[in-house]
Amino acid sequence: MENLEQTARDWLEKRGVKIEDIAELVYYLQSKYHPNLQMEECIENVNRVLSKREVQNAILTGIQLDILAEKQMLDEPLQAIIRRDEGLYGVDEILALSIVNVYGSIGFTNYGYIDKQKPGILQYLNDKSTGQCHTFLDDIVGAIAAAASSRLAHRAAHTE
Ligand code: MG
């Protein structure tokens, strides 16, 4: 495994996100369309998304900004904006879209849907009472799940 990919995976883990957590989001999005869907298939698709360079770049960039905001190390006004996860900021969503883009346009629908529902790990990442800052990470995790869902859907369409 390449160094960049390993680092991106380590950072996800350090920030409380396991591959299985993201795979559960994929299952949440896709099980209604694929009744025989197995968790291993979801995990495999998440792993394939994580092997993409643009995904690794987004993970490292977003998590770095979250950590700096948590340590109060950004300059104002960005510090307060990211720390408070201001709704009108929007750059967190834009960064996450670079992940969704990797597997085409079905990803957008999945991304929007899961961002509204906030199941599983997304609920944890949105819990402001933990004292942690996940302004970027919540969108990144949702985007990885959406991209993995698109990949899974595309491949299923080919085999069915
Ligand atoms: Mg966000």
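Caption draft 1: Spatial organisation of the overall build of the chain. In terms of helices and strands, the chain carries nine helices and zero strands. Taken from N to C terminus, the helices and strands of the chain fall in the order α-α-α-α-α-α-α-α-α. Against the 2.2 N^0.38 benchmark of 15 Å for 160 residues, the chain shows a C-alpha radius of gyration of 15 Å, consistent with a compact globule. Every one of the 160 residues in the chain was classed for burial, and the buried ones make up 44%. Expressed as a percentage of contacts within the chain between residues at least 6 apart in sequence, the contacts between residues at least 24 apart total 74%.

Caption draft 2: Representation of the coordination of the magnesium ion within the structure. Protein coordination at the magnesium ion: the donors are D92 (OD), T135 (O), D138 (OD) and D139 (OD), at 2.1 to 2.7 Å from the metal. Here the donor residues of the magnesium ion are spaced in sequence according to D-x42-T-x2-D-D.

Caption draft 3: Structural context of a negative patch on the surface. Together, D10, E13, E20 and E24 line one region of the surface with negative charge. Listing elements by their share of the negative patch, those giving two or more residues are α1 (3-14) and α2 (19-30). You can see D10 is positioned in helix α1.

Caption draft 4: Representation of the packing of α1 against helix α4 (residues 53-70) within the structure. Their axes nearest at 9 Å, the elements α1 and α4 cross at an angle of 40°. Between α1 and α4, the angle is such that the two are oblique. Pair α1 / α4 crosses with left-handed handedness. Residues L4, E5, T7, A8, W11 and L12 of α1 form the contact with α4, whose own contacting residues are R53, Q56, N57, I59, L60, I63 and Q64.

Caption draft 5: The arrangement of the pattern of salt bridges in detail. A full pass over the atoms with the stated rule returns six salt bridges. In this structure, R15 and E70 form a salt bridge, with 2.6 Å as the shortest nitrogen-oxygen distance. Of this pair, R15 sits in the loop between α1 and α2 while E70 sits in helix α4; the two residues are 55 residues apart in sequence, bridging distant segments of the chain. With relative accessibility at 7%, the residue R15 sits in the buried group. One salt bridge connects E86 with R84, and the closest N-O pair in it is separated by 2.4 Å. Residue R84 is classed as exposed on the basis of its relative accessible area, which comes to 54%.

Caption draft 6: Structural view of the environment of D92. Here D92 lies in helix α6 (residues 91-100). Residue classification places D92 among the buried residues on the basis of a relative accessible area of 4%. As a C-alpha pair, D92 and A58 span 34 residues in sequence and 9.8 Å in three-dimensional space. Other than its neighbours up to four places away in sequence, D92 contacts D85, T135, F136 and D139.

Caption draft 7: Examining the packing of aromatic side chains more closely. Under the definition given, this model contains two aromatic pairs. Centre to centre, the rings of Y28 and Y113 are 6.3 Å apart; their planes meet at 25°, and the pair counts as stacked. Of this pair, Y28 sits in helix α2 while Y113 sits in helix α7 (residues 106-117); the two residues are 85 residues apart in sequence, bridging distant segments of the chain. For Y113, a relative accessible area of 36% corresponds to the partly exposed category. A ring pair is formed by Y89 and F136, whose centres lie 6.1 Å apart and whose planes are at 85°; its orientation type is edge-to-face. In this pair, Y89 is assigned in the loop between α5 (78-84) and α6 and F136 in the loop between α8 (121-125) and α9 (137-159), connecting sequence segments 47 residues apart.

The rules behind the values
Residues numbered from 1 in each chain as written. Predicted model: local features only at pLDDT ≥ 70, side-chain atom pairs only at ≥ 80, totals over all residues. Heavy atoms only, no water. Helix = DSSP H or I, 4+ residues; strand = E, 2+ residues; numbered from the N terminus. Rg over C-alpha atoms; globule rule 2.2 N^0.38 Å. Buried < 20%, exposed > 50% of the residue type's maximum accessible area, 1.4 Å probe, protein only. Contact = heavy atoms within 4.5 Å. Donors = N, O, S within 2.8 Å, 3.2 Å for Na, K, Ca; no water. Patch = residues over 30% accessible without salt bridge, like charges linked within 9 Å, V, L, I, M, F, W, Y side chains within 5 Å. Areas by Shrake-Rupley, 256 points an atom, 1.4 Å probe, with all protein chains shown as cover. Salt bridge = Lys/Arg side-chain N within 4 Å of Asp/Glu carboxyl O. Lys, Arg positive; Asp, Glu negative; His and termini not counted. Charge placed at Lys NZ, Arg CZ, Asp CG, Glu CD. Axes fitted to C-alpha atoms, helices over the stretch in contact; angles between N-to-C directions. Parallel < 35°, antiparallel > 145°, perpendicular 65-115°, else oblique. Left-handed = near helix turned anticlockwise from the far one by under 90°. Phe/Tyr/Trp six-rings, centres within 6.5 Å; stacked < 30°, edge-to-face > 60°.

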